[in-house]
Amino acid sequence: NALAQAGCDVLTPARNPRPDVDADWTYPDTLEGITQAVADGAEILWANTSLFDEHPMAEFASHNGLRVVGQPLEIVEKFEDKDVCQAAIEAIGVPVPVQALVNVENGPAKGQIEKAVSLNKLTFPVIIKPVRGRGSAGVKVVNSVEEAAEHIESHVGPKFGSKFLIEEYLSGRELAVTVMPPGTYETADGVHSEATHWTLPAIERTGHHGGVMPFSGVVPIQSNSKPAGDDDSIREFGRHAVRVAQFLGATSPIRIDCREDANGVIKAIDINMKPSMTGPGRPGREQMINLSAMSAGEIGWNYTEMLAAIAGNAAPIQQITGSALRGQAV
């Protein structure tokens with residue numbers, strides 16, 4: 001809707017899409033839906049969904065000229081597992097919190113937590129989070145082995161699975177850093193080319209509930225987020241963020257959530273390979289800006305201009321459906 005208002009040629013499944021009806025604007029995330037979009041003349045597919053190895057998008061790899069806003073299929077499948085992702089980026093030198101895996105399929109949570117705390121010299125409070133959770137869902141700061149075990153066992157099931165991380169609690173400021181892919185961009189300073197991944201200004205998060213950021217759909221981002229400014233530690237983490245994006249072969253924006261430890265070291269706590277692009281494009285959604293768009297505002301982009309910049313640098317579908325990390329040991 002925002003892009004259409006800006007004059008972009010946006011294909012929709014409905015002839016006269018209504019601003020308040022989501023389905024009027026989006027083709028189904030199925031083989032049939034994508035086939036219809038391509039048949040209707042789509043040149044860029046915006047995959048506003050979490051891709052995976054067997055996603056129907058793979059069926060369109062031979063369509064020359066077709067481009068996609070989204071990440072390589074195999075990368076999302078592998079690295080949306082927080083345990084795998086954190087271990088991989090730590091191996092390339094990116095600071096991450098101390099953490100350990102608890103898998104209730106291997107036995108009671110309490111015994112695994114006691115062992116993890118001892119082996120990793122973790123001290124309470126600690127963070128418990130699902131390995132494949134999103135946002136703050138299922139995340140909790142706990143103060144004892146018993147509380148950790150109770151939280152994990154009460155969340156085992158179809159939504160969160162059986163694997164959870166017990167993670168060092170970082171008491172310092174929380175930041176969100178958006179990394180953009182290489183490409184050609186127009187900002188207030190003119191048109192410029194970026195040969196490699198690059199970061200938007202960091203956003204600082206405040207207003208934690210029990211040590212955890214609330215979901216943006218419950219608490220608007222404007223009420224608990226602001227530009228973080230610039231200092232040596234933020235610049236250093238920005239370089240780490242670029243290395244993460246390069247390692248992942250990110251073909252569209254990623255957002256890295258991070259927190260500062262007691263010594264001032266900023267550590268990555270979550271890699272969002274499909275950051276929220278919620279925005280104020282439709283009536284009644286004026287307060288629904290996302291963290292990346294807030295960050296983009298610091299370089300002069302409004303919400304629609306950021307979307308146009310992302311779409312204009314969409315990757316060839318062969319880059320999405322091929323192996324971005326082929327030859328690397330990951």
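Just so it is clear, the model here is predicted, and its values are computed rather than measured.

Peer 1: Explain the overall build of the protein chain to me, and be specific about the residues and the numbers.
Peer 2: Counting its regular elements, the protein chain contains 10 helices and 15 strands. A globule of 330 residues ought to have a C-alpha radius of gyration of about 20 Å, and the protein chain, at 20 Å, matches this closely. Structurally, the protein chain occupies a C-alpha span of about 60 × 45 × 40 Å along its principal axes. Among the 330 residues that make up the protein chain, the fraction classed as buried is 49%. Sequence separation of 24 or more characterises 63% of the internal contacts of the protein chain that already satisfy a separation of 6 or more. When the 27 basic and 41 acidic side-chain charges of the protein chain are each reduced to a single mean position, those positions are 3 Å apart.

Peer 1: Describe the environment of Gln36, naming the residues involved and giving the relevant values.
Peer 2: Structurally, Gln36 is set in helix H2 (residues 31-39). Measuring from C-alpha to C-alpha, the distance between Gln36 and Pro13 comes to 8.5 Å, with 23 residues separating the pair along the chain.

Peer 1: How would you sum up the sheet that holds strand E4 (residues 126-130)? Please name residues and give values.
Peer 2: With antiparallel pairing, 4 strands are arranged side by side in an open sheet as E3-E6-E4-E5. Where the open sheet ends on each side, the last strands, each with one partner, are strand E3 (99-103) and strand E5 (140-142). The mean angle between the axes of side-by-side strands here comes to 30°, regardless of whether they run parallel or antiparallel. One ladder, built from 5 bridges, connects E3 with strand E6 (residues 163-168); its direction is antiparallel. Looking at the pairing, Asn103 lines up with Lys163 of E6. Set on the sheet, helix H4 (residues 82-91) makes contact with E3, E4 and E6; between it and E3 the angle comes to about 155°. Against the sheet, helix H5 (residues 109-119) touches E3 and E6, its axis set at about 165° to E3.

Peer 1: I'd like to hear about H5, residue by residue, with values.
Peer 2: Every buried residue belonging to H5 is among Ala109, Gln112, Ile113, Ala116 and Val117, and all of these are buried. One face of H5 carries all of its buried residues, which in axial projection span an arc of 130°. Counted as exposed and oriented over 90 degrees from the buried face of H5: Lys115, Ser118 and Leu119. Lys121 lies just past H5 and shows a positive phi near 55°.

Peer 1: Tell me about the sheet that holds strand E1 (residues 44-46), and name the residues and values.
Peer 2: Read across the sheet, 3 strands follow the order E1-E2-E15 without closing on themselves; strand pairing throughout is mixed. Edge positions in the sheet fall to E1 and strand E15 (315-316), since each of these pairs with one other strand and no more. As paired strands, strand E2 (residues 67-69) and E15 are joined by 2 bridges and run antiparallel to one another. Residue pairing in the sheet places Val68 in a bridge with Ala315 of E15.

Peer 1: Hey, could you go over a negative patch on the surface for me, with residue numbers and the actual values?
Peer 2: A contiguous patch of negative charge, built from Asp53, Glu54, Glu74 and Glu77, is present on the exposed surface. Examined against the element boundaries, Glu77 turns out to sit in helix H3 (residues 73-79). The class of Glu77 is partly exposed, set by a relative accessible area of 33%.

Peer 1: If you had to explain the environment of Pro316 to someone new, which residues and values would you point to?
Peer 2: As for its placement among the helices and strands, Pro316 is situated in strand E15. Put simply, Pro316 and Leu66 are 250 residues apart on the chain and 6.1 Å apart in space, counted from C-alpha to C-alpha. If near-sequence neighbours (up to four positions away) are discounted, Pro316 is found in contact with Leu66 and Arg67.

Conventions used here
Residues numbered from 1 in each chain as written. Predicted model: local features only at pLDDT ≥ 70, side-chain atom pairs only at ≥ 80, totals over all residues. Heavy atoms only, no water. Helix = DSSP H or I, 4+ residues; strand = E, 2+ residues; numbered from the N terminus. Rg over C-alpha atoms; globule rule 2.2 N^0.38 Å. Buried < 20%, exposed > 50% of the residue type's maximum accessible area, 1.4 Å probe, protein only. Contact = heavy atoms within 4.5 Å. Lys, Arg positive; Asp, Glu negative; His and termini not counted. Charge placed at Lys NZ, Arg CZ, Asp CG, Glu CD. Pairing = 2+ DSSP bridges. Axes fitted to C-alpha atoms, helices over the stretch in contact; angles between N-to-C directions. Arc of directions from axis to C-beta. Patch = residues over 30% accessible without salt bridge, like charges linked within 9 Å, V, L, I, M, F, W, Y side chains within 5 Å. Areas by Shrake-Rupley, 256 points an atom, 1.4 Å probe, with all protein chains shown as cover. Salt bridge = Lys/Arg side-chain N within 4 Å of Asp/Glu carboxyl O.

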